[in-house]
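Fold and geometry: a report
Single-letter residue listing:
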Amino acid sequence: LKPGKSIPMDSHPPNLRGTPYVWRREDGTHALVQTWPTTLNEQFRKTFDISDGKNPDPEKFQPQAVSEFQTAIGRLFGPAAAGCPIFFCHKKTENKSPAVVGTSEEVL
């Protein structure tokens, strides 16, 4: 699906199983890894707290998610990717916009 496009109501979404990002786990559930390209430059390094290769907070970076991310990277780039460290990056932002909670009928 291309950016800005949607799936018509009378059709079925594309099957993503079997891609590097989606697969069936041994317990029968499905893994879904969301990832996107990032430029690791000086601005990025100033904006984010970065931990190179070691998970600084298993509550924030859940071990299962880390393992599945590593699996997806291996599926995308091959076995050589297994030797590359993971950068655990985090930044805290404050959103001053109001949040609306409720069903569409309640909100309108």
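Structural data are supplied above this passage.
First, a word on scope: everything that follows refers to the structure included in this document. Everything numeric here is computed off the predicted structure, so don't read it as measured data. (Residues numbered from 1 in each chain as written. Predicted model: local features only at pLDDT ≥ 70, side-chain atom pairs only at ≥ 80, totals over all residues. Heavy atoms only, no water.)

1. Overview of the environment of Phe44
Heads up, the rule is: Per the convention used, a helix needs a DSSP run of H or I reaching at least four residues, while a strand needs a run of E reaching at least two, with both numbered from the N terminus.
Summarising the element assignment, Phe44 is placed in helix H1 (residues 42-47). Spatially, the C-alpha atoms of Phe44 and Cys89 are 9.5 Å apart, while their sequence positions differ by 45 residues.

2. Quick look at the side chain of Asn55
Quick reminder of the rule: Each polar contact in these results corresponds to two N or O atoms within 3.5 Å; when the atoms are within protein, one needs to be able to donate a hydrogen and the other to accept it, and residues that are neighboring in sequence are counted only if both atoms are side-chain atoms. What makes two residues a contact is simply this: any of their non-hydrogen atoms within 4.5 Å.
Relative to the assigned elements, Asn55 resides in the loop between strand E3 (49-52) and helix H2 (63-77). Among the polar contacts listed, one links the side chain of Asn55 to the backbone nitrogen of Asp57, at a separation of 3.0 Å. Reaching out from Asn55, the side chain makes a polar contact with the backbone oxygen of Phe61 at a distance of 2.7 Å. Aside from chain neighbours lying at most four places away, what touches Asn55 is Phe61, Val66 and Phe88.

3. Thoughts on the pattern of salt bridges
To keep it simple, the criterion reads: Definition used for salt bridges: Asp or Glu carboxyl oxygen within 4 Å of a side-chain nitrogen of Lys or Arg. Partly exposed residues are those whose accessible area sits between 20% and 50% of the maximum for their type, while under 20% is buried and over 50% is exposed, using a 1.4 Å probe and protein chains only.
Summed over the entire model, instances satisfying the criterion amount to 1 salt bridge. Of the charged contacts in the structure, one is a salt bridge between Glu68 and Arg25, with a shortest N-O distance of 2.5 Å. With Glu68 in helix H2 and Arg25 in the loop between strand E1 (22-24) and strand E2 (30-32), this pair connects stretches of sequence that are 43 residues apart. Here Arg25 falls in the partly exposed class, since its relative accessible area comes to 23%.

4. Quick word on the packing of aromatic side chains
Using the following cut-off: To pair, rings of Phe, Tyr and Trp, with the six-membered ring standing in for Trp, must have centres within 6.5 Å; the planes then decide the type, stacked if under 30 degrees apart, edge-to-face if over 60, and tilted in the middle.
For the structure on display, the rule yields 2 aromatic pairs. On the basis of an interplanar angle of 15° and a centroid distance of 4.3 Å, the ring pair of Phe44 and Phe48 is categorised as stacked. Ring plane angle 70° and centroid distance 5.2 Å describe the contact between Phe61 and Phe88, whose orientation is recorded as edge-to-face. Of the two residues, Phe61 is situated in the loop between E3 and H2 and Phe88 in strand E4 (residues 87-90); the sequence distance between them amounts to 27 residues. In terms of burial, Phe61 and Phe88 fall into one category: buried.

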